[in-house]
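Analysis of the macromolecular model
Below, each chain spelled out in residue letters.
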Amino acid sequence: MSYYTVLGLAKEPFSTSPDPTFFFRSSSHVQALTRLEIAIRLRRGLSLILGDVGTGKTTLARTLLANFPREDGFTFHMILDPSFESEYQFLLHLSRLLGLPGGFKSALDARETIEHHLFQRGVTDSHTTVLMIDEGQKLSGDMLENLRVLLNYETNEFKLLQVVIFAQMELLGRIRRIRNFIDRVAMKYIINPLSEQETAQMIEFRLRSAGLPSGTTLFSPDAVEAVHRFTQGYPRRIALVCHNALEALVAHERSLVDGPLIQELLHDESRWLDEVAA
Ligand SMILES: Nc1ncnc2c1ncn2[C@@H]1O[C@H](COP(=O)(O)OP(=O)(O)O)[C@@H](O)[C@H]1O
Ligand SMILES: [Mg+2]
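First, a word on scope: everything that follows refers to the structure included in this document.

So, how was this worked out
- Residues numbered from 1 in each chain as written.
- Chains lettered and ligands numbered in written order.
- Predicted model: local features only at pLDDT ≥ 70, side-chain atom pairs only at ≥ 80, totals over all residues.
- Helix = DSSP H or I, 4+ residues; strand = E, 2+ residues; numbered from the N terminus.
- Buried ≥ 20, exposed ≤ 12 C-beta atoms within 10 Å, placed from the backbone.
- Contact = placed C-beta atoms within 7 Å.
- Near = placed C-beta within 6 Å.
- Domains from an automatic or database assignment.
- Pairing = 2+ DSSP bridges.
- Axes fitted to C-alpha atoms, helices over the stretch in contact; angles between N-to-C directions.
- Parallel < 35°, antiparallel > 145°, perpendicular 65-115°, else oblique.
- Left-handed = near helix turned anticlockwise from the far one by under 90°.
- Nonpolar A, V, L, I, M, F, W, Y, C, P; charged D, E, K, R; others polar.

Here's the deal with the overall build of the chain
For the chain, the helix and strand inventory stands at 11 helices and 5 strands. Seen through its principal axes, the chain has C-alpha atoms that stretch 65 × 45 × 30 Å. Looking at the chain as a whole, 33% of its 278 residues qualify as buried. Of the contacts made within the chain by residues no fewer than 6 positions apart, 76% connect residues no fewer than 24 positions apart.

So, unusual backbone geometry
Located in the positive-phi region is Q232, a residue other than glycine, with phi close to 60°. Its location among the elements puts Q232 in the loop between α9 (221–231) and α10 (235–251). With 12 C-beta atoms packed within 10 Å, Q232 lands in the exposed category. For E253, which is not glycine, the phi torsion reads 50° and is therefore positive. Note that E253 resides in the loop between α10 and α11 (259–277). Accessibility expressed as a C-beta count within 10 Å gives 7 for E253, which makes it exposed.

Considerations on the site of ligand 1
Inspection of the region around ligand 1 gives 20 residues, with F24, G56, K57, T59 and P235 positioned closest. Of all the secondary structure elements, the ones that give two or more residues to the shell around ligand 1 are α3 (57–67) and α10. Counting the residues that make up the shell around ligand 1, at least three belong to each of domain 1 (27–190) and domain 2 (194–269).

Brief notes about the sheet that holds strand β4 (residues 161–167)
If you walk across this open sheet you meet the 5 strands as β2-β3-β4-β1-β5, and the pairing is parallel. The two strands at the open ends of the sheet, each matched to only one other strand, are β2 (74–79) and β5 (185–190). Going across the sheet, the axis of each strand differs from the next one's by a mean of 15°, ignoring polarity. Its contacts with the sheet put α3 on β1 (46–50), β2, β3 (128–133) and β4, and the angle it makes with β4 is roughly 150°.

Concerning the packing of helix α8 (residues 196–209) against α9
Interhelical geometry of α8 versus α9 gives an angle of 115° and a closest axis separation of 9 Å. The angle between α8 and α9 falls in the class roughly perpendicular. In the packing of α8 onto α9, the handedness of the crossing is right-handed. Each of E196, T199, A200 and I203 in α8 lies in contact with α9, whose residues at this interface are V224, E225, V227 and H228. In terms of residue class, the contact of α8 with α9 is made up of 4 nonpolar, 2 polar and 2 charged.

Scope: geometric values only; no functional claims are made or implied.
Next comes the structure, spelled out in structure tokens:
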């Protein structure tokens, strides 16, 4: 029997996989989603979502994918890791995502086929093609240059390919060094960590989503406050700490994560972090 069933939950509440059903709509995440949706509908070209590790970029990407209104006219493709060996490999991968037959003579040939396809889809069929790229900080200079070329495909009114890059902050420095690239970013947004109130709401939301009956609670207010202070509102850290706290709860046969329990746990966690940093 797993620890969460002991606590009366149907699912694991604090798994760290980027599952849209556990996506808490914090103000920062909602803003990012809304602005992305607008940029995609207006076919403005390149959108950039930046944030530190564990702020929820991958979860946001999956949520966009799962929740974008499924009316006809939008196709989403996702690249989880854009570290391609060569520009040809990238173009080949993209052409496969777009459902094109391969067999290109050269990168130029691949690019022309892709452009033709995007024109057909975008103009003749009025269809919006979206390419989402996660782990965007892994994009090489060459890859960024390739994206720049793809983003040049446009009509008088709109871009033929919508690109959304989710990346750690370090991508910004690289982009700034490429002339004219930053000017092509139609929408940029930095995801902020959660406030203390939102940390409490996220914990509550995930517990309820995992099946915790209303009226019951597993974290005392001072425990939540300590979690926020320790995690600085980073969703991944919040999920990790809360997961460990619930395991400790079960191990100690207790029913509430309170101040003393969380203090002890966080003391161990920070010793661990110190060891890792040393
Ligand atoms: N809005 C959110 N609501 C609930 N949990 C979240 C949210 N954003 C992130 N998380 C949690 O934090 C973890 C890390 O998020 P992830 O999307 O992988 O971050 P990043 O891609 O920015 O490193 C996720 O697996 C998820 O458990
Ligand atoms: Mg990620």
